[in-house]
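Summary of structural features
Residues per chain, in single letters:
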Amino acid sequence: MNEIRTTCAYCGVGCGIRAEVTGARSVTIRGDETHPANFGKLCSKGTHLGETVGLEGRLLHPMIGDRQAGWDETLDLVTGKMRDCIAAHGPDSVALYVSGQLLTEDYYAANKLMKGFVGSANIDTNSRLCMASAVAAHTRAFGEDIVPVTYDDLDEADLILLVGSNTAWCHPVIWQRIEAAREVRGTKIVVIDPRRTETAEQADLHVRVPPDGDVALFNALLAEMTRRGLADADPARCDHGIDPGTFDRLADLVAAHPRMVTVFSMGANQSVAGTDKGNAIINLHLAMGRINAPGMGPFSMTGQPNAMGGREVGGLANMLACHLGFSETERADVTAFWKAPRLCAGPGLKAVDLFRAVHDGRVKFLWIMATNPAVSMPDAAFVREALARCETVVVSDVIAETDTARFAHVRLPALAWGEKDGTVTNSERRISRQRALFDAPGEARADWAIIADVAQRMGFAGFDWTTAAGVFREYAAMTALSVKNGKVLDLTDKAGVNDAEYAEMAPFVWGGRYPLAGRTMRQVPVEVRTRAADPAYPLRLNCGRYRDQWHTMTRTGLSPTLSQHRREPLLELHPEDAAAAGVTHGALVRVVTASGASIFRASIADGQSRGQVFVPMHWTGAMASGGRTNLLADQLVDPLSGQPGFKNNACRIEPVASEWRAFLLRRDALEPKGLVWWSRSAIAGGWLYELAGDGAVDADGLLPFGTRAEAVDMARGMRRLAVLDGGGVLIGALHVTRSGQLPPREWIAAQLATAEAALPELLAARPSAPAPDRGSVVCVCHGIGAKQIMAAAGQGAGSVAEIGSACGAGTNCGSCRPAIARMLREWHDTLAEAAE
Ligand SMILES: Nc1nc2c(c(=O)[nH]1)N[C@H]1C(S)=C(S)[C@@H](COP(=O)(O)OP(=O)(O)OC[C@H]3O[C@@H](n4cnc5c(=O)[nH]c(N)nc54)[C@H](O)[C@@H]3O)O[C@H]1N2
Ligand SMILES: Nc1nc2c(c(=O)[nH]1)N[C@H]1C(S)=C(S)[C@@H](COP(=O)(O)OP(=O)(O)OC[C@H]3O[C@@H](n4cnc5c(=O)[nH]c(N)nc54)[C@H](O)[C@@H]3O)O[C@H]1N2
Ligand code: SF4
Ligand SMILES: [Mo]
């Protein structure tokens, strides 16, 4: 048995995994019970990582335009363009845009190349869209970017405030840990979020804060605690817009529980007041002395697997490596350590400004690594225009066709999770190893090795590492400079690890459990700031994540299992807003902002507050014609951190009409043209498309070639087609209606690539002897549907655990347990109503 311990590819929880390699490209995944981040647990995404290690869609060779080229030719080209650009236009005409999905070793190499040798700090990271406000808040309050808690503090807290965090979906293993604390010690959970998420549903108290109302809320809390003699501060009282009863309950909870952890993530950071939100939270902890002791502290949770590692090695344009700034001494120290010929003089351009500089031609050479800015940056149409104008765009990715890769002059194939080898740092400052499970496919190479190769071709010394361990040792040794400059970050005891020790290195936390104990900490005055109202765009547009999708879906979008949870990008809205706009549940709706417009499927949900709508961030041009959230987001940023205010744009909505609607099954993907709407979703053996259009339906263009059967049902306005290959295997199906209802998709989708169903069944999209309808899938691990769960409830299963014993749902990764709890509550409410 070939079992390898590694770390999950996805979120900042940083779960340890035991991977058993079972074949050339197959692996069995389970949680590592010895890893201190997760003690064996994994969420749905981690559990199903094995589905994403295939080579489908991978970029396996260097590409110049559409031509496959050798590494030498390609890197000579990249180096030549970079050198010419620097010679003709100076170092600042070159930029790197990198990512928290790089390993620390990759990040270190990229940062050293740009800041030390190209001589420009124009290297920024997608963490600018994610953590930059928390970094700025930490730096203002603590003098260094330090997270002052570890996961142990969650176990030992009596009160946990979750601010702008849908923890049950985005950090599910942390959520399970919080729930365990509630079971063990009765920890109270408060969710501060404008909408009722699955996390909020599970909380003891849900505070529906108005969009960007957090600074006012935390100031008001601080004032109230001061009034009660529990805090020492002088904040201005301000109107917080929370109903008085809820505010009093929150204040009572805060007053009663000194062991309080305040977790914050994107609802705090992604705001034009993101830095002040972080400091408002930290201020409360400082004023109440709730920091540097068990079970208490402000806790900015990281999003990406290595967001924290990137912060350590200086991935952000406004820092040097190892938490150092740009003072004379710090610059001199770094220059000496790197033997840097021309260290950058000061901060470089932050992401939004960086793409502006690409747009107006100041930056002419852009190298993008491990991020998909054509989708994930705000004002995506502007970003695409910038990419299209740029003289040289180099993209290092693991996937061949991303929305960003379409603009690349050169594409460099990088090692993916499962092949790469190095370290990542999670939310609690824990450094863990990611280890390779498979050999490098095709000609793919480690990101750090590609960067080092370019640096050496440029003639720069100090890039002759031969292993990831070599890069890590150099970084660890460099933290002597942070120590010298009075910082906490210190890995110098790892600077001497040999290759074997590095290979075996066990997870460890740097900075210890209370890294700020004994250090100076300050309360920072914060300002209530929000966006101006605009009568043309009366609704607030909020956005965020789905439980089973990761960012721009380049990997999770390929998983049939993970795609079951949400197949389409939905616009969630309050029933009264829907009625006012003439939008019905399940219909298409156009969202319009000052920046752009995009179409979504409407989902009327009372979890949304009146006047606010919610959309997912995930869908790309490769997956749908609509659902393009960042066409809607503007370029407004927090003035201190430069982080975009993604969560609060102004919009209006309008219904979208189409003459027909359809679904389509196919083995391989295509991008339909000329439709009102399309989106696709992975199913076993192919893709399920949802379509809407006007005029004639181009069945020939949509369906593959094969033996075709067709049925037309005039009465119901339906046309149904099925395509079989020579062996009777279903290779395509198209069901169109101009007036009626389309049948449910899951049964017929399961027939794709099989020869099990009879033609009349395929044309009806249901089996002749119908199997019991399991309803929409809730538990993706065991494939248990809503109707099966309700049936178990009907037979007396009264708790999530009892549902698990009855039908298995929720017993594997546990990501669906909040959804089951909600269903049980709704079931009991219905029973109670019926009894009245
Ligand atoms: N399933 C899944 N998990 C992920 C990811 C993923 O793509 N998919 N990505 C990872 C990454 S990189 C990140 S950064 C994290 C993000 O993790 P989260 O921050 O939990 O995720 P989001 O859904 O973006 O936003 C969280 C919540 O902020 C709320 N919010 C919006 N405006 C406000 C406001 O003004 N105040 C408050 N208090 N709340 C507000 C939203 O309603 C939303 O419920 O998730 C990580 N984990
Ligand atoms: N509207 C809106 N927009 C948002 C957000 C939001 O909440 N709302 N959230 C923001 C946040 S917090 C984040 S973190 C960003 C995320 O946004 P992105 O970083 O753009 O999202 P990903 O899809 O994770 O892109 C990662 C890319 O790197 C590739 N990749 C994966 N591993 C490797 C590797 O090892 N090497 C290389 N070279 N490539 C690799 C993947 O194939 C993929 O193309 O989105 C931001 N944008
Ligand atoms: S919580 Fe889930 S996605 Fe995050 S690291 Fe753990 S298994 Fe991976
Ligand atoms: Mo993120």
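Residues numbered from 1 in each chain as written. Chains lettered and ligands numbered in written order. Predicted model: local features only at pLDDT ≥ 70, side-chain atom pairs only at ≥ 80, totals over all residues. Heavy atoms only, no water.

Quick look at the side chain of aspartate 32
If you trace the backbone, aspartate 32 turns up in the loop between β3 (26–31) and α1 (44–47). If sequence neighbours within four positions are ignored, aspartate 32 has contacts with Arg5, Gly16, Ile17, Arg18, Asn38, Phe39 and Gly40. (Helix = DSSP H or I, 4+ residues; strand = E, 2+ residues; numbered from the N terminus. Contact = heavy atoms within 4.5 Å.)

Focus: the side chain of aspartate 379
Position of aspartate 379 among the secondary structure elements: in the loop between α16 (373–376) and α17 (380–389). Buried within the structure, aspartate 379 lacks any salt-bridge partner; arginine 356 is the closest side chain of opposite charge, at an N-O distance of 7.4 Å. Among the polar contacts made by the side chain of aspartate 379, one reaches the side chain of glutamine 635 at a distance of 3.1 Å. Here aspartate 379 is in contact with Ser595, Asn630, Ala633 and Gln635, once residues within four sequence places are set aside. (Buried < 20%, exposed > 50% of the residue type's maximum accessible area, 1.4 Å probe, protein only. Lys, Arg positive; Asp, Glu negative; His and termini not counted. Salt bridge = Lys/Arg side-chain N within 4 Å of Asp/Glu carboxyl O. Polar contact = N/O pair within 3.5 Å; in protein donor to acceptor, adjacent residues only side chain to side chain.)

Focus on the domain arrangement of the chain
As far as domains go, the chain holds domain 1 (3–52), domain 2 (63–130 + 306–415 + 445–464), domain 3 (132–300), domain 4 (539–656), domain 5 (660–764) and domain 6 (777–835). Tallying the contact residues gives 21 residues for domain 4 and 15 residues for domain 5. Summed over both partners, the interface of domain 4 with domain 5 comes to about 1400 Å²; 56% of that surface belongs to carbon and sulfur atoms. The tally of links between domain 4 and domain 5 comes to one salt bridge. Among the elements that take part in the side of domain 4 that touches domain 5, strand β22 (residues 597–604) stands out by supplying three residues, more than any other. (Domains from an automatic or database assignment. Buried area = accessible area lost by both parts, 1.4 Å probe.)

Digging into the packing of helix α2 (residues 71–89) against helix α18 (residues 447–457)
It is at 9 Å that the axes of α2 and α18 come closest, and there the two elements cross at 60 degrees. Here α2 is positioned oblique relative to α18, judged by the angle of their axes. Handedness of the crossing formed by α2 with α18: right-handed. On α18, the residues touching Trp71, Asp72, Leu75, Asp76, Val78, Thr79, Met82 and Arg83 of α2 are Ile450, Asp453, Val454 and Arg457. (Axes fitted to C-alpha atoms, helices over the stretch in contact; angles between N-to-C directions. Parallel < 35°, antiparallel > 145°, perpendicular 65-115°, else oblique. Left-handed = near helix turned anticlockwise from the far one by under 90°.)

Description of the site of ligand 1
Taken together, 35 residues sit near ligand 1, with Asp193, Asp214, Ser265, Arg545 and Gln549 positioned nearest. Between tryptophan 169 and ligand 1, the recorded distance is 3.3 Å, taken from a backbone N or O atom to a nitrogen atom. Contact distances for ligand 1 include 2.6 Å between an oxygen atom and a side-chain N or O atom of serine 265. Coverage of ligand 1 by the protein amounts to 99% of the 920 Å² it exposes when considered alone. Secondary-structure elements contributing two or more residues to the shell around ligand 1 are α6 (167–170), α11 (266–269) and β19 (539–544). Looking at the shell around ligand 1, its residues break down into twelve nonpolar, 14 polar and nine charged. Both of domain 3 (132–300) and domain 4 (539–656) provide at least three residues apiece to the shell around ligand 1. (Near = heavy atom within 4 Å. Areas by Shrake-Rupley, 256 points an atom, 1.4 Å probe, with all protein chains shown as cover. Nonpolar A, V, L, I, M, F, W, Y, C, P; charged D, E, K, R; others polar.)

Considering helix α19 (residues 468–484)
With 17 residues, α19 extends 25 Å between its outermost C-alpha atoms, agreeing within 8% with the 24 Å of an ideal straight helix rising 1.5 Å per residue. Among all positions in α19, only Ala468, Ala469, Gly470, Val471, Phe472, Glu474, Tyr475, Ala476, Met478, Thr479, Leu481 and Ser482 are buried. Lining the buried residues of α19 we find α3 (104–118), α13 (307–312), α14 (328–338), β16 (422–425), α18 and α20 (499–504). Glycine 486, located one to two residues past α19, shows a positive phi value of around 80 degrees. (Expected span 1.5 Å × (residues − 1).)

Quick word on the nonpolar core
Counting 76 residues, the largest nonpolar core has Met82, Leu113, Trp338 and Trp367 as its most contacted members. Residues from two domains meet in this core; each of domain 2 (63–130 + 306–415 + 445–464) and domain 3 (132–300) gives at least three. If we skip the residues at most four places from it in the chain, leucine 113 touches Met82, Val118, Trp367, Ile451, Ala455, Phe460 and Phe463. Counting 69 residues, the second-largest nonpolar core is a separate cluster that includes Cys11, Val53, Tyr151 and Leu664. (Core = buried A, V, L, I, M, F, W, Y, C linked by side-chain atoms within 4.5 Å.)

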